[in-house]
Amino acid sequence: MTTSNTGPDAIDPEVRQELERLRDSIDNIDAAVVHMLAERFKATQQVGRLKAQHQLPPADPSREARQIARLRVLAENAKLDPAFAEKFLNFIIGEVIRHHERIAESTQNGQPAHEAPAGH
Ligand SMILES: O=C(O)C(=O)C[C@]1(C(=O)O)C=C[C@@H](O)C=C1
């Protein structure tokens, strides 16, 4: 990292200020994304418990197809690459399905479905 050309010494002060302003904005957006994802996972954990209690399958491909179609339109309108939006949603849903499977396993084993942070 010592050869980085974005080190504070090499940058014009006005450029550095603009970079800092933009990075502040990025940090706020990243924080919002984390908070929104945490809320989404809270909701999906409840879906996982409901599905496990009623022996419903973890994945629902028709629901996913509708979500992807909707998100692609939203992305296009927002000038975000729809392919990226689809990949991102699929990544999140893949993680949710893994959670659902774990909850179903522990419910079948008679264990109470415990809370775990996303990704664990
Ligand atoms: O809506 C559901 O049935 C869910 O389990 C949630 C969710 C999602 O994360 O949005 C996850 C898995 C399903 O395949 C579809 C959607």
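The rules behind these values
Residues numbered from 1 in each chain as written. Predicted model: local features only at pLDDT ≥ 70, side-chain atom pairs only at ≥ 80, totals over all residues. Heavy atoms only, no water. Helix = DSSP H or I, 4+ residues; strand = E, 2+ residues; numbered from the N terminus. Expected span 1.5 Å × (residues − 1). Axes fitted to C-alpha atoms, helices over the stretch in contact; angles between N-to-C directions. Parallel < 35°, antiparallel > 145°, perpendicular 65-115°, else oblique. Left-handed = near helix turned anticlockwise from the far one by under 90°. Contact = heavy atoms within 4.5 Å. Nonpolar A, V, L, I, M, F, W, Y, C, P; charged D, E, K, R; others polar.

- Under an unreviewed UniProt entry, the protein chain has the name Chorismate mutase and belongs to Streptomyces lavenduligriseus.

A few points about helix H3 (residues 82-108)
Here is step 1 of the chain: Over its 27 residues, H3 runs 38 Å from end to end, which matches the ideal 39 Å to within 8%, given 1.5 Å per residue.
Here is step 2 of the chain: Looking at the residues trailing H3, positive phi occurs at Gly110, about 80 degrees.

Overview of the packing of helix H1 (residues 13-53) against H3
Here is step 1 of the chain: At a closest axis distance of 9 Å, the pairing of H1 and H3 adopts a crossing angle of 40 degrees. Considered as vectors, H1 and H3 are oriented oblique to each other. For the pair H1 and H3, the crossing hand works out as right-handed. In this structure, H1 contributes Leu37, Arg40, Phe41, Thr44, Gln45, Val47, Gly48, Arg49, Lys51 and Ala52 to the contact, and H3 contributes Leu89, Ile92, Ile93, Glu95, Val96, His99, His100, Ile103, Ala104 and Thr107.
Here is step 2 of the chain: Here the contact of H1 with H3 is built from residues that sort into 10 nonpolar, six polar and four charged.

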